[in-house]
There are 2 protein chains.
Amino acid sequence: MQIDPWSNVNVKDYDRVIKEFGVEKTENLHKKLPLENIYFKRGLIFGHKDLNKIIEASTKKKPFVMLTGLMPSGRFHLGHKVVADLMVYFQNLGAECYVAVADIESFLTRNIPLEQAKKVAIEEYLTNYIALGLKPKKTKFYFQSNGSKNYMNFSKIVSKKTTFNELKSVYGDLTPEKIISALTQVADILHPQLKENNGPKPVVVPVGTDQLPHISLARDIAYRMRSEYNFILPSATFHKLIPGVKGGKMASSDPSSAIFLTDSPEEVTTKIKKYAFSGGQKSLKEHKEKGGNPDIDISFIYLKTMFEPDDKKLNKIYQDYKSGSLLTSELKEITIEKINSFLKDHQQKRKQAIKQIDKFIIKE
Amino acid sequence: MQIDPWSNVNVKDYDRVIKEFGVEKTENLHKKLPLENIYFKRGLIFGHKDLNKIIEASTKKKPFVMLTGLMPSGRFHLGHKVVADLMVYFQNLGAECYVAVADIESFLTRNIPLEQAKKVAIEEYLTNYIALGLKPKKTKFYFQSNGSKNYMNFSKIVSKKTTFNELKSVYGDLTPEKIISALTQVADILHPQLKENNGPKPVVVPVGTDQLPHISLARDIAYRMRSEYNFILPSATFHKLIPGVKGGKMASSDPSSAIFLTDSPEEVTTKIKKYAFSGGQKSLKEHKEKGGNPDIDISFIYLKTMFEPDDKKLNKIYQDYKSGSLLTSELKEITIEKINSFLKDHQQKRKQAIKQIDKFIIKE
């Protein structure tokens with residue numbers, strides 16, 4: 001099994017990922033967490049590497065880092081929100097936060113000019129991160145094109161610690177720009193542990209499954225550099241993608257597939273009513289007789305993974321839908337109301353967030 | 001024909017290089033030069049690319065750049081002096097000078113720590129450059145590990161403009177660290193033409209033949225970037241290696257093969273008398289009868305390529321040696337005297353040079 005992080009891969013066989021990439025299952029891990037988290041509890045995060053190091057550091061109030069990256073393309077939607085919520089979650093656990101804008105990577109692999117990447121990263125991503133709760137204290141929001149000299153050199157230095165054969169086995173087909181992108185990502189993941197950043201210390205990288213190759217490579221390279229740098233192998237969490245409204249992928253390029261965090265209540269209502277893939281039966285009569293299937297119903301999945309943290313309430317919705325007493329139109333109404341309630345609050349916070357942007361931008 | 005710049009290649013078949021790499025012969029080019037130069041005149045520089053652009057810029061007093069790099073390893077010997085003299089030569093023609101310390105490359109390909117590279121670059125190389133006449137005005141002496149942000153990013157950006165197949169055909173076997181080294185070199189060669197450096201403008205890169213692959217790659221990439229960056233294809237001069245005392249390679253690792261610029265008169269005398277490969281005959285009698293062969297005689301070659309600029313004097317030595325009237329021991333005495341005279345003066349200048357170092361070190 002090979003995962004190409006630069007294709008629009010949609011990894012679905014999570015059991016296979018767990019088996020072939022040595023990912024640990026999360027299972028009952030959420031009960032050990034210092035603070036409850038819906039993504040762990042509801043299984044959106046299906047796997048991890050070495051998360052116990054992070055739980056231990058947080059519990060013992062020892063320093064640790066959350067690092068993640070963003071590809072500055074497209075409009076910010078619910079799929080992006082997951083990573084943002086996890087940043088905030090780990091910050092609340094006590095993490096120092098590093099947020100890497102992958103502008104070098106987005107230029108090399110998607111031809112996005114650096115200036116455009118900067119604008120999108122700040123206006124679309126950072127603004128939403130702040131509105132979702134990211135605090136400026138102990139947060140480094142940096143650009144790959146504008147990191148410290150040590151970081152930039154480190155992205156070259158790590159090339160000594162891998163081979164073509166390894167890169168091929170991790171990434172499949174390679175090009176020079178993919179190698180540069182991969183090594184830059186390795187530097188992103190490992191540089192919080194450099195001496196200038198008071199390392200070594202545990203680092204957790206919350207990522208979607210498509211980014212797994214970078215985690216594997218960074219861990220292998222960290223291991224090979226351990227004698228010189230004393231690196232702790234980086235930890236990671238892996239989450240499933242939030243499905244798109246229509247049941248496929250949520251993609252900025254297909255607006256009816258995505259709930260954007262700037263959507264109006266009318267837009268959300270239309271998208272869910274018109275497009276949301278439903279687990280209901282074909283007719284009202286049939287639905288009442290046979291009941292619906294909440295497990296494949298996008299409205300239910302959104303409630304489960306994001307908008308209904310209360311287990312009892314969620315379970316009642318599940319049972320009512322399954323029994324047929326809750327209709328598809330009613331389920332959709334619940335979801336629409338929840339999303340719009342969140343967005344109303346969020347869009348207020350975004351306005352405030354814009355004023356805080358300067359506190360996050362590092363000038364190296 | 002493939003040239004691996006990271007092996008200790010000793011390219012000898014210059015005609016083949018000219019043919020297969022599209023290098024232009026120098027031939028009578030030295031007569032067109034604005035200032036006479038012994039390396040052109042005596043054929044040590046056997047080839048070039050686009051040197052006319054440089055001659056034209058110099059003649060018309062238009063801006064142009066001399067860029068070259070140094071690999072900070074080993075002690076500075078006569079072989080290194082050739083590049084230094086060419087830097088000074090182009091500076092005297094009006095060039096703005098960029099001197100790149102290839103510390104990232106020497107770390108990646110020779111495992112030299114950055115700190116050690118810095119020390120060697122300054123104490124061995126820069127000190128000698130200054131003593132040989134390099135002036136601080138319009139000179140940037142920089143480290144690959146400490147260039148400007150734009151330069152550092154540019155070394156990644158250029159990865160988009162090449163392919164594996166091209167890199168393989170230029171360099172042969174590749175490793176990730178060789179790719180990084182090659183792309184960093186391309187950035188070295190092209191970045192004087194970036195807008196921040198008031199480019200585009202002609203750039204000449206004086207190098208040994210082993211560095212030809214970097215020139216070829218940089219020119220091809222410059223061509224592909226022309227619409228966006230308006231680059232002028234970089235020019236280059238290619239020189240033969242100064243042979244070692246014993247006739248093989250001059251190498252810091254074999255002290256009896258090299259004349260170091262810190263050698264004492266006694267050391268030089270011993271090296272030439274004891275080790276210098278001679279074109280003389282086996283016995284005095286035979287030498288007087290048959291004459292010697294100056295073309296393979298290291299003492300004569302040193303005079304020709306470096307220490308006897310006067311054509312008439314050189315020609316007399318050549319004829320006398322060939323006729324047998326000049327003995328090997330006498331020829332060696334002439335060379336010893338010339339080298340020691342140069343070194344005495346140079347070592348005085350080195351002491352002064354140390355005081356000037358700070359004027360050259362760029363702090364980015």
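As the structure is a computational prediction, the values presented were derived from the model and not from experiment.

(A) How the structure looks around the sheet that holds strand E7 (residues 235–239) of chain B. Residues and elements named next belong to chain B. With mixed pairing, seven strands are arranged side by side in an open sheet as E1-E2-E7-E6-E3-E4-E5. With one partner strand each, in any of the chains shown, strand E1 (24–25) and strand E5 (139–143) form the two edges of the open sheet. The pairing of strand E3 (residues 65–70) with strand E4 (residues 96–101) spans six bridges and is parallel. Bridging from a neighbouring strand, methionine 66 pairs with cysteine 97 of E4.

(B) Focus on helix H5 (residues 103–110) of chain B. Among the eight residues of H5(B), six are classified as buried, and the element is accordingly described as predominantly covered. Taken residue by residue, H5(B) has Asp103(B), Ile104(B), Glu105(B), Ser106(B), Phe107(B) and Leu108(B) as its buried positions. Buried residues along H5(B) sit in contact with helix H7 (149–157) of chain A together with E4, helix H6 (114–131), E5, helix H9 (176–190) and helix H10 (212–224) of chain B. The first or second residue beyond H5(B) is Asn111(B), which carries a positive phi of 65°.

(C) The domain arrangement of chain A, seen in detail. All names here are of chain A. Split by domain assignment, chain A resolves into domain 1 (14–241) and domain 2 (255–351). Each of domain 1 and domain 2 has a C-alpha centre, and these two points are 31 Å apart. Taken together, the contact between domain 1 and domain 2 spans 16 residues of the former and 21 residues of the latter. Contact with domain 2 buries surface across domain 1, with Arg42, Arg75 and Leu78 losing the most and accounting together for 40% of the total. Viewed at the interface, domain 2 and domain 1 are joined by two salt bridges. Taken together, the connections running from domain 1 to domain 2 amount to eleven residue pairs in polar contact (both at pLDDT 80 or more).

(D) Expanded view of the interface of chain B and chain A. Between chain B and chain A, the residue contacts involve 30 residues of the former and 30 residues of the latter. Interface of chain B and chain A: buried area, both sides summed, is about 2700 Å²; carbon and sulfur atoms make up 67% of it. Its largest share of buried area at the contact with chain A, chain B owes to Lys149(B), Lys156(B) and Lys160(B), together 27% of the area lost on that side. Between chain B and chain A we count zero salt bridges in total. Our count for the contact surface shared by chain B and chain A stands at 14 residue pairs in polar contact (both at pLDDT 80 or more).

(E) Just unusual backbone geometry, in detail. Note that the residue after Gly199(A), namely Pro200(A), is joined by a cis bond; omega there is 0°. Tracing the sequence through the fold places Pro200(A) in the loop between helix H9 (176–190) and strand E6 (203–208). Positioned with a positive phi, Lys61(B) is a non-glycine residue whose angle comes to about 55°. Within the secondary structure, Lys61(B) is located in the loop between helix H3 (51–59) and E3.

Reading the values: rules and limits
Residues numbered from 1 in each chain as written. Chains lettered and ligands numbered in written order. Predicted model: local features only at pLDDT ≥ 70, side-chain atom pairs only at ≥ 80, totals over all residues. Heavy atoms only, no water. Pairing = 2+ DSSP bridges. Helix = DSSP H or I, 4+ residues; strand = E, 2+ residues; numbered from the N terminus. Buried < 20%, exposed > 50% of the residue type's maximum accessible area, 1.4 Å probe, protein only. Contact = heavy atoms within 4.5 Å. Domains from an automatic or database assignment. Buried area = accessible area lost by both parts, 1.4 Å probe. Salt bridge = Lys/Arg side-chain N within 4 Å of Asp/Glu carboxyl O. Polar contact = N/O pair within 3.5 Å; in protein donor to acceptor, adjacent residues only side chain to side chain.

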